[in-house]
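As a plain string of letters, each chain reads:
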Amino acid sequence: MTPRLILILAVTLNLWALSTGLPPDVVFKMMHPKLEPISPLLESEGADNPLHISQPCWDALNRTVNITIHKLLNGSVPLEVLDSFGKPGAGILAGNINMLGHFDECESVQDFKYCLASLNVTNNGTSLPLPMNYGLCAPQECTDLDVGLLLIDAHVPVLTAVCTQYPHQPFTWQFFLTVTFFSLLFVTVVFSSLYYAWYHAPSCHRDGFMPLDEQSAPNTDGPLRQEEAPAFASQDHHKEAENDLSVVHLQQRPQGTVLRTVNKVFFSFALPQNLPKLLSGKLSKDSIDCLHGIRVLSMLWVILGHVFAFTAMAPMINPLTGLAWFKRYGFLTVTNAFFSVDSFFLLSGLLVTYLTLKTMKKRNGRIPWRWFYFHRYWRLTPAVAITMLFWVYVTPYFGHGPLAQVSAQSREPCKQYWWTNLLYINNFYPTNGEAGCISWVWYLANDMQFFAISPLILIPLYHIPWLGMCFIAVLCCASFVITGTLVGVNQFPVASLQFQPGPHAHGTFFDLVYLRPYCRITPYLVGMVLGYILYKYPKNSIKMRWPIAVLGWIVACGVGYTCIYCVYGNYNGHVWGVAANVIYEAFCRFAWGAALAWIIFACHYGYGGWVNSLLGHPGWAPLSRLTYCTYLLHPIIISLFNVHQGTVVYLSLVLTAFYFAGISLVSYGCAAIFSLMVEFPLVSLEKLFIPRA
């Protein structure tokens, strides 16, 4: 009996059992109609490696078969190998076609390793593919190619075959460099925190200890002035809260210029300085308080959508149950979680306009635009670069399970496209957005591109407001036309499930519409209009009659509700026509931005009631400061959770709610560490070396 026959029998029995529950057209795709009979295989038993696999793998298979035949008679065969192979389970008609096998059982057998094959299974009755994964236990000598060739020779329609190896990726010099960087960063934070604590300890002042550079400096007694305060005087790194904490007044110790600068650099990384900034709930009188609550709730909405989306990519035991969720009215909150991103576009446009116009007013209309752009790039880029380093060179070694090796190999696009994230063109290149590096940062590319053209609007808004408003209107109309045209020409449906290209499409909705700045700019422009209004009219300066305020709330809530839930019929057999799809996709993001803009407007000018009390509560502020780092890290947390799944995922709304709660908590916790080690120090260093715009 040849190894080929053993594999064919094992796989054929599994697929035969599976075929009892699948439609005939699916089985036809899985099993080639011209299978070779068993008898010729027996005749080729003495052939020398007829499968064209590597010789070590062939020898290992022959050795395994011979040992198995002899031990099978006395009951000492390692049954764990055969037992760990994937087998059909219950619920095939419910979509349970994944056969992952038993990862730990296979890995426990000496000289064997777990392999996962992705099979090409499609159903002629639908345009959606049927993802199927098959787990098997192969000798250590077999490579990924060997396993793939064995399955192909057994007439199994395999797409890829990946075998687990330890470590999941070789330890390259990039890995050691990345680990060294993070180690140095950690040591810097610890050392600077200890130095900060010693420097400001009462005993240090009492005993008169001071560095040599300070001893040689002239003695200037007296309290610190505001501009001379060391960096530990807490300042919120968000522009809208510039004076979160009062300056701590200490007796000034004589300092030289060099040492004072060195101290400020070290103190930028000190936890005793940065932690109070993070945890402070104090807001400035000029801040827009409700933005903190909106920012946190929008981030949680993003995480909720990604928890469901990332779970849908994993092998599931009941995928048809997940498809049925789309027909539920309440589930549209998850289906249309895309609007959470438009909320951030609106907030970005609002803050850029509001803060820049205030600065221009202080400087008589002049802005150092080079620092305007540098600040934005410095604010975003280092965190993105460090996230990519962590994702590519550290996280592949964390996984343990059937999907860990496959996940480790998914980092390859980063080695080719990492630079597109640093140039913020990753929403255009690569043309397949999902093939990029940490693809979820497409939002940053759009936001940076909007920011790049914002001076073309801000300068007219300040000097000739009506001209700036006309320019905003023109850009909005252009976005309406472009978005509607793309949706109409490609006949994209509004049902968000249909990311697969249709028969008339020139690409996917994700690549042609969802990622493109000319289709996503309208909420940003609405935010710029709102930012101008908030700049022009101080808080509590706008007075409205209560019927008008109530009407505004009714209209805003109705528009926002319609944006999310009006597509319910598309998931339940009442499909919209092309014209309705065009109208919805062209105007829905603008409408959502306008509805959210009213909420901010009403809360800021005293017409928010309990909504403003909720959204503007100081308790939101610490979590709000973690939004950017949480956005960068939460997909990594979800991925690490998924790659540790040892079995197929069971879809349950209650279980997913627990997943969402846990992932949100861990994401914010990791974001706090990341922010204290990277984001806050970089903001402090910028204030130290870069002139304020």
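Residues numbered from 1 in each chain as written. Predicted model: local features only at pLDDT ≥ 70, side-chain atom pairs only at ≥ 80, totals over all residues. Heavy atoms only, no water.

A. Quick look at the pairing of strand E1 (residues 112-119). The buried count for E1 comes to 7 of 8 residues, which makes it a mostly enclosed element. Pairing analysis gives 8 bridges linking E1 to strand E2 (residues 132-139), with the strands arranged antiparallel. For Leu119, the partnering residue across the bridge sits in E2 and is Met132. The pairing of E1 with strand E3 (residues 158-163) spans 5 bridges and is antiparallel. The residue bridging Leu116 from the neighbouring strand is Val162, located in E3. (Buried < 20%, exposed > 50% of the residue type's maximum accessible area, 1.4 Å probe, protein only. Helix = DSSP H or I, 4+ residues; strand = E, 2+ residues; numbered from the N terminus. Pairing = 2+ DSSP bridges.)

B. Inspection of the side chain of Ser664 at higher detail. Within the secondary structure, Ser664 sits in helix H31 (residues 653-689). When neighbours within four sequence positions are excluded, Ser664 is seen to be in contact with Leu300 and Ile303. (Contact = heavy atoms within 4.5 Å.)

C. Spotlight on the packing of helix H13 (residues 290-312) against helix H16 (residues 339-362). Where H13 meets H16, the closest approach of the two axes is 8 Å, and the angle between their N-to-C directions is 150°. Put simply, H13 runs roughly antiparallel to H16. Classified by chirality, the crossing of H16 by H13 is left-handed. Contact residues: H13 offers Leu291, Ile294, Arg295, Ser298, Met299, Trp301 and Val302, while H16 offers Phe339, Ser340, Ser343, Phe344, Leu347, Leu350 and Leu351. (Axes fitted to C-alpha atoms, helices over the stretch in contact; angles between N-to-C directions. Parallel < 35°, antiparallel > 145°, perpendicular 65-115°, else oblique. Left-handed = near helix turned anticlockwise from the far one by under 90°.)

D. Molecular detail of the confidence of the model for the chain. Summarising the model, the chain shows a mean pLDDT of 82, and 79% of its residues fall at 70 or more. A low-confidence stretch, residues 15-47 stays under pLDDT 50, and its non-local contacts, those more than four residues away or across chains, total 55 contacts. Long-range and interchain partners of residues 211-252, a stretch whose pLDDT sits below 50, account for 80 contacts in this model, where long-range means more than four residues apart. (pLDDT = per-residue confidence, 0-100.)

E. Structural view of unusual backbone geometry. Geometrically, the link from Tyr166 to Pro167 is a cis peptide bond, its omega value of -5° lying close to zero. Position of Pro167 among the secondary structure elements: in the loop between E3 and helix H8 (173-199). Cis geometry marks the peptide bond from Tyr429 to Pro430; its omega dihedral reads 0°. Mapped onto the secondary structure, Pro430 falls in the loop between helix H19 (412-423) and helix H20 (442-453). Unlike most non-glycine residues, Ile438 shows phi in positive territory, near 35°.

F. Inspection of the environment of Leu271 at higher detail. Looking at where Leu271 falls in the secondary structure, it is placed in helix H12 (residues 271-279). On the basis of relative accessible area, Leu271 is assigned to the partly exposed category, the value being 35%. Linking Leu271 and Ala197, residues 74 residues apart in sequence, is a C-alpha distance of 9.5 Å.

G. Local environment of the nonpolar core. Counting residues in hydrophobic clusters, the biggest one holds 111 residues, and the most contacted among them are Leu350, Leu444, Ile600 and Leu632. The element best represented in this core is H16, accounting for 12 residues. In terms of nonpolar packing, the next biggest core, distinct from the first, is built from 33 residues, Leu100, Val121, Cys137 and Leu150 among them. (Core = buried A, V, L, I, M, F, W, Y, C linked by side-chain atoms within 4.5 Å.)

H. Structural view of the sheet that holds E2. Taken in spatial order, the 3 strands of this open sheet run E2-E1-E3, and their pairing is antiparallel. Where the open sheet ends on each side, the last strands, each with one partner, are E2 and E3. Each strand axis lies, on average, 25° off the axis of its neighbour in the sheet, ignoring direction. Its contacts with the sheet put helix H7 (residues 144-153) on E1, E2 and E3, and the angle it makes with E3 is roughly 140°.

I. Fine view of the pattern of salt bridges. Applying the stated criterion to the full structure yields 5 salt bridges. Notably, a salt bridge pairs Glu412 with Lys415, separated by 3.5 Å at the nearest N-O pair. Of this pair, Glu412 and Lys415 both sit in helix H19, separated by 3 residues, roughly a single helical turn. Under the relative-accessibility criterion, Lys415 is labelled partly exposed at 42%. (Salt bridge = Lys/Arg side-chain N within 4 Å of Asp/Glu carboxyl O.)

J. How the structure looks around the side chain of His604. By the element assignment, His604 lies in helix H27 (residues 578-604). With a relative accessible area of 6%, His604 lands in the buried category. Residue contacts for His604: discarding those within four places in its chain leaves Ser287, Ile288, Leu534, Lys539 and Asn540.

K. Representation of a nonpolar patch on the surface. Residues Trp418, Trp419, Leu423, Ile425, Phe428, Tyr429, Ile482 and Tyr518 make up a contiguous nonpolar surface patch of about 720 Å² in total accessible area. In terms of residue count, the dominant contributor to the nonpolar patch is H19 (3 residues). For Trp418, the location among the structural elements is in helix H19. Look at Trp418 and you get partly exposed, because its relative accessible area is 42%. (Patch = residues over 30% accessible without salt bridge, like charges linked within 9 Å, V, L, I, M, F, W, Y side chains within 5 Å. Areas by Shrake-Rupley, 256 points an atom, 1.4 Å probe, with all protein chains shown as cover.)

L. Quick peek at the packing of aromatic side chains. Summed over all chains, the structure comprises 55 aromatic pairs. Aromatic pair Phe181 and Phe182: ring centres 5.4 Å apart, planes at 70°, arrangement edge-to-face. For Phe181, a relative accessible area of 34% corresponds to the partly exposed category. Relative accessible area serves as the criterion here: at 23%, Phe182 is assigned to the partly exposed category. Through pairs of rings, three or more aromatic residues link up here, namely Phe338, Phe344, Phe345, Trp442, Tyr443, Phe450, Phe510, Tyr514, Tyr524 and Tyr631. (Phe/Tyr/Trp six-rings, centres within 6.5 Å; stacked < 30°, edge-to-face > 60°.)

M. Region of the structure containing helix H21 (residues 455-463). Three or more residues of H21 are buried, namely Pro455, Ile457, Leu458, Pro460 and Leu461. Considering only its buried residues, H21 is in contact with H16, helix H17 (369-393), H20, helix H22 (465-490) and helix H25 (522-536).

N. Spotlight on the state of the cysteines. For the structure shown, the criterion picks out 3 disulfides. Paired by a disulfide, Cys106 and Cys137 hold their sulfur atoms 2.0 Å apart. The S-S bond linking Cys106 to Cys137 shows a torsion near 90°; that makes this disulfide right-handed. Here the residue Cys106 occupies a position in helix H6 (residues 103-107), and Cys137 occupies one in strand E2, the gap between them amounting to 31 residues. On the accessibility criterion, Cys137 (5% relative accessible area) is buried. Here Cys414 engages in a disulfide with Cys437; their sulfurs sit 1.9 Å apart. The S-S bond linking Cys414 to Cys437 shows a torsion near 85°; that makes this disulfide right-handed. Here Cys414, found in helix H19, pairs with Cys437, found in the loop between H19 and H20; they are 23 residues apart in sequence, far enough to count as distant. (Disulfide = S-S within 2.5 Å.)

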